[in-house]
Amino acid sequence: MSHLSLATSVVSNYVGFHETQDIKFQDYNSDAKIIVTSNPDPWEGDSRTFEALSTGALVFVDYTESLQELIPHPFVNGTHLIVYYHGEYDTLGKLIEYYLEHAEEREAIARSGYMHVMNYHRAEHRLDYVLDKALPYVKAHAHEPRNTVAYHPYADKDLQYR
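The structure presented is a predicted model; accordingly, all values stated were derived computationally and were not measured. Throughout this description, residue numbers start from 1 for each chain and increase along the sequence as written. The model is predicted, so local features are restricted to residues of pLDDT at least 70 and side-chain atom pairs to those at 80 or more, both for listing and for counting; the totals for chains, interfaces and linings are taken over all residues. Computation of side-chain values: all heavy atoms of the structure, hydrogens and water removed.

Engineer: Mind showing me how you'd approach the pattern of salt bridges here?
Structural biologist: Put simply, a salt bridge is a Lys or Arg side-chain nitrogen that is within 4 Å of an Asp or Glu carboxyl oxygen. Inspection of the entire model under this criterion finds 2 salt bridges. A salt bridge links Glu 107 to Arg 106; the nearest nitrogen and oxygen atoms lie 3.7 Å apart. For the exposure calls, accessible area comes from a 1.4 Å probe over protein chains only, and a residue counts as buried if that area is under 20% of its type's maximum, exposed if over 50%, partly exposed in between. The class of Glu 107 is partly exposed, set by a relative accessible area of 40%. For Glu 124, the salt bridge identified is with Arg 122, shortest N-O distance 2.8 Å. Taking relative accessible area as the criterion, Glu 124 reaches 45% and is therefore assigned partly exposed. Exposure remark for Arg 122: the relative accessible area of 34% places this residue in the partly exposed category.

Pasting the structure below:
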């Protein structure tokens, strides 16, 4: 498990120094065979999973409903990435050891995850998704006056809202 202790050391050395250390951290990620990421609790996902998949490494991510079920083109455990569960760290360690020893299987899942994130989960895909959801609402309410605001932070000032 020396790979795990090295990774823990690297990550802990860079926490809090994002401005100056992002490049080094990205270099470590781009050289990794396996990246283990954890979503912030109680947040359901963040950009780290997508960034990790874009490196081409095999990604282990803790289970969140959003990544496996709620997003369009969800990730499939064992096809695009490997899902682990909080508290099951013995199982996580065994899975990491397994995929370090089985390079072909690790690389196949990593390739599939990379292609999936590039084909369906880049920023342009998120924007398309938001616009697809928002445009019907905007069109349905286009006839409403634009100056109706429930609360405006400058309402008590003598300013006009345009």
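Engineer: For this particular structure, what's the right way to read the packing of aromatic side chains?
Structural biologist: The relation between two aromatic rings is expressed through the spacing of the ring centres and the mutual angle of the planes. Ring pairs are drawn from Phe, Tyr and Trp, using the six-membered ring of Trp, whenever the two centres fall within 6.5 Å, and their geometry is named by plane angle: stacked under 30 degrees, edge-to-face over 60, tilted for the rest. Considering all chains together, one arrives at 4 aromatic pairs under this definition. Here Phe 50 and Phe 75 contribute two aromatic rings whose centre-to-centre distance is 5.9 Å and whose plane-to-plane angle is 50°, an arrangement assigned as tilted. One end of the pair, Phe 50, is in helix 3 (residues 47-53); the other, Phe 75, is in the loop between helix 4 (65-70) and strand 3 (82-84), with 25 residues separating them in the sequence. Residues Phe 50 and Phe 75 agree in their burial class; the two are buried. Judged by centre distance (5.6 Å) and plane angle (20°), the rings of Tyr 63 and Tyr 85 are stacked. Taken together, the residues span a long stretch of sequence, with Tyr 63 in the loop between strand 2 (58-62) and helix 4 and Tyr 85 in the loop between strand 3 and helix 5 (89-101) at a distance of 22 residues. With a relative accessible area of 32%, Tyr 63 lands in the partly exposed category. Comment: elements are numbered from the N terminus, with helices defined as DSSP H or I runs of at least four residues and strands as E runs of at least two.

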